[in-house]
Amino acid sequence: MESKVKKVGFATIFSIVSLWFSTHAGGGFASGNQATHYFVQYGWTCAIAPIATFAFLAFCYRQVIVMCNNHNFNNYKELFQELWNPFPKLEILFEIYFFVMLICAVGAAIAGAAQLLTDMIGVPYVLAILVVSIILLLLTIFGPTLLARAATLMTIVILFCCFIIYFIGIAAKGDVIMDVLSNFKNSPADGFTAHSGMTIFKNIVTYAGFQCGVVPALASCGTALKTRKNATLAMIGGGFINALALILSCLMLLGWYSETKGNPLPLLAACNAMGGGILTWLYAIALFMCFISTGVSLIYGLVPRFENTGVLKKIDNLYVRRSVISILGMVIPALFSLVGLTNVVKYGYQFAGLLGFFVLLLPLLFIGTYKNWKYSKDHPNGSPMEEEYLNAI
């Protein structure tokens, strides 16, 4: 630990907020499919459910950062071993969750990109899946670095397009949105899906549970925040921005629900309903690249993990080794994508989300909160890193 510590400023806090937001704003979010399936189809509750979702996530994620800072951890394995101590081997629950989430996320990326090819240029869906799978395989083997460098630009383009579409769509359907919100319309007679309070609660925890893929990144980068106060500020900021973005998405899609209902790419359908144009094509291209980037990033994440293990390390040719891992890592998601993007989100995301809620969020909520409280009680001046940091500034 260096004796002189640079003061944590707004830029550091904002970088953690951006990390969380960029993880949330993937293909499922940018296509509008997740928002429609979990919130919009149930009517006016879509305006408040995102607030509960990200308030819950912000509290749980704060426990991640505080626990890592308390013990100077910089990876999720140490984090979950401490969380589950005296049963550290239960950290494998995260590994199980991660692989389930990876299958669902890659399946959604393939299905989403294939659906775009089908909608925009008329490629048959099954053929589109084959084309997308080949593109992913080639990029995973030969071009992950280039795609990673372009990921930030793609994210900026797609978010720029999304927010323009949100504001145009909300302005065009403001009267419809206000009618639904003010009259609490959420019944089948009004075109929405019948539900109960338990349905909304399940969707909130499912949506939250699927977002836990950001935990490893928070465990690695969260120590840059150094203090519990900074962790709180970052999570409040992250929760606010993510909730705001999802609320805008929900409100826009709520106004255009009658035109987009049942469409696997509701935001694109709304764009077409608004007249299409250059913004629609720019959005579609950026969304396709977003799906591809997500797929490559997740599949390539398996390569360093397995390329030097078991029988694979006996393969001398690096590209052959990576090809084997990439193919194996893509077969199940590609087959899963045959059911279509909506079903991937409806069933795959739901299973992964509920798994994440029970094996990650609930332990963080109860065990993590208790252990952090106990640590704070035993160390009133904070962790050694926090104490040294505060003394240095």
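Residues numbered from 1 in each chain as written. Predicted model: local features only at pLDDT ≥ 70, side-chain atom pairs only at ≥ 80, totals over all residues. Heavy atoms only, no water.

Overview of the environment of Gly356
Applicable threshold: We count a stretch as a helix when DSSP gives it H or I for four or more residues in a row; a strand needs E for two or more, and each element gets its number in order from the N terminus. Residue contacts are counted whenever heavy atoms from the two residues lie within 4.5 Å of one another.
Structurally, Gly356 is set in helix H18 (residues 341–378). With 64 residues separating them along the chain, Gly356 and Ile292 place their C-alpha atoms 24 Å apart. For Gly356, the residues in contact, after removing those within four places along its chain, are Tyr97, Gly209, Cys212 and Leu361.

Notes on the packing of helix H4 (residues 49–71) against helix H5 (residues 76–84)
Selection rule: In this analysis an axis means a line fitted to C-alpha atoms, helices contributing only their contacting stretch, and an angle means the value between N-to-C directions, from 0 to 180 degrees. Here the angle decides the label: under 35 degrees means roughly parallel, over 145 means roughly antiparallel, 65 to 115 means roughly perpendicular, and every other value means oblique. Ten residue types, Ala, Val, Leu, Ile, Met, Phe, Trp, Tyr, Cys and Pro, are classed as nonpolar, four, Asp, Glu, Lys and Arg, as charged, and the remainder, Gly among them, as polar.
H5 packs onto H4 with a crossing angle of 95° between their chain directions and a minimal axis gap of 10 Å. By the angle class used here, H4 and H5 are roughly perpendicular. Facing H4, whose interface residues are Val64, Met67, Cys68 and His71, H5 presents Leu79, Glu82 and Leu83. For the contact of H4 with H5, the residue count by class is 5 nonpolar, 1 polar and 1 charged.

Description of helix H10 (residues 197–210)
As a reminder, the rule being used: To estimate the expected span of a helix, subtract one from its residue number and multiply by 1.5 Å. Burial classification: accessible surface area is computed with a 1.4 Å probe over protein chains only, and a residue below 20% of its type maximum counts as buried, one above 50% as exposed, and the rest as partly exposed.
Taking 1.5 Å per residue as the helical rise, H10 with its 14 residues ought to reach 20 Å, and the 20 Å between its terminal C-alpha atoms agrees with that figure. Inspection of H10 places Ile200, Asn203, Ile204, Val205, Thr206, Tyr207, Ala208, Gly209 and Phe210 among the buried residues, and these make up the whole buried set.

Observations concerning a nonpolar patch on the surface
Our working rule: Patch membership requires over 30% relative accessible area and the absence of a salt bridge. Like charges are linked within 9 Å, and nonpolar side chains (Val, Leu, Ile, Met, Phe, Trp, Tyr) within 5 Å. Under the convention used here, a 1.4 Å probe and the Shrake-Rupley method define accessible areas, while residue burial counts only the protein chains that appear. We define a salt bridge as a side-chain nitrogen of Lys or Arg found within 4 Å of a carboxyl oxygen belonging to Asp or Glu.
On the surface, Leu127, Leu130, Val131, Ile134, Leu138, Phe142 and Tyr319 cluster together into a nonpolar patch covering about 680 Å² of accessible area. Looking at the nonpolar patch element by element, the count peaks at 6 residues for helix H7 (residues 125–142).

Structural notes on the pattern of salt bridges
If you walk through the whole model with that rule in mind, you get 4 salt bridges. Note that Glu259 and Lys173 form a salt bridge whose closest N and O atoms lie 3.0 Å from each other. Placement of the pair is Glu259 in helix H13 (residues 257–260) and Lys173 in the loop between helix H8 (144–172) and helix H9 (174–183), with a sequence separation of 86 residues. Notably, a salt bridge pairs Lys185 with Asp179, separated by 2.8 Å at the nearest N-O pair. A relative accessible area of 27% places Lys185 in the partly exposed class. The exposure class assigned to Asp179 is partly exposed, which follows from its relative accessible area of 30%.

Side note on unusual backbone geometry
Each neighbour pair has its own omega, and for Asn85 with Pro86 the value is 15°, a cis peptide bond. Along the polypeptide, Pro86 turns up in the loop between H5 and helix H6 (92–121). With phi around 55°, Asn72 is a residue other than glycine that occupies positive phi space. Inspection of the secondary structure assignment puts Asn72 in the loop between H4 and H5. A positive phi angle is found at Phe184, which is not glycine, with a value near 50°.

Focus: the packing of aromatic side chains
To keep it simple, the criterion reads: Only centres within 6.5 Å qualify two rings of Phe, Tyr or Trp (six-membered ring in Trp) as a pair; their planes then separate them into stacked at under 30 degrees, edge-to-face at over 60, and tilted for everything else.
Applying the stated criterion across every chain yields a total of 17 aromatic pairs. Note on Phe357 and Phe358: the rings are 5.1 Å apart at their centroids and 75° apart in plane angle, and the pair reads as edge-to-face. Residue class for Phe357 comes out buried when judged on its relative accessible area of 9%. The exposed category is assigned to Phe358, whose relative accessible area is 53%. The interplanar angle of 35° and the centroid separation of 6.0 Å between the aromatic rings of Tyr370 and Trp373 together place this pair among those described as tilted.

Remarks on the confidence of the model for the protein chain
Inclusion rule: Think of pLDDT as the predictor's per-residue confidence, scored from 0 to 100.
In the predicted model, the protein chain carries a mean pLDDT of 86, and 92% of its residues have values of at least 70. With pLDDT under 50 throughout, residues 1–5 is counted as low confidence; its partners more than four residues away or in other chains account for 9 contacts.

As for the side chain of Ser133
Secondary-structure assignment places Ser133 in helix H7. The class for Ser133 is buried, based on a relative accessible area of 11%. Beyond its immediate sequence surroundings of up to four residues, Ser133 is in contact with Ile110, Met330 and Ala334.

Topic: the packing of H5 against H18
The description of two helices packed together rests on the angle between their axes and the distance between the axes. The condition that has to hold: Note on convention: the crossing is left-handed when the near helix lies turned anticlockwise from the far helix by less than a right angle, right-handed when the turn is clockwise.
Direction vectors running N to C along H5 and H18 enclose 65°, while the axes themselves pass 10 Å from each other. The angle between H5 and H18 falls in the class roughly perpendicular. Along this stretch, H5 crosses H18, giving a crossing that reads as left-handed. Each of Phe80, Glu82, Leu83 and Trp84 in H5 lies in contact with H18, whose residues at this interface are Val359, Leu360, Pro363, Leu364, Ile367, Gly368 and Lys371. Across the contact of H5 with H18, the residue classes break down as 8 nonpolar, 1 polar and 2 charged.

Details of the nonpolar core
For the record, the criterion: Residues grouped as a nonpolar core are buried Ala, Val, Leu, Ile, Met, Phe, Trp, Tyr and Cys residues, joined through side-chain atoms within 4.5 Å.
Counting 125 residues, the largest nonpolar core has Phe39, Phe80, Leu116, Val132, Ile158 and Tyr283 as its most contacted members. Among the elements that take part in this core, H6 stands out by supplying 17 residues, more than any other. Excluding anything up to four places from it in sequence, Phe80 contacts Glu91, Phe94, Val215 and Leu360.

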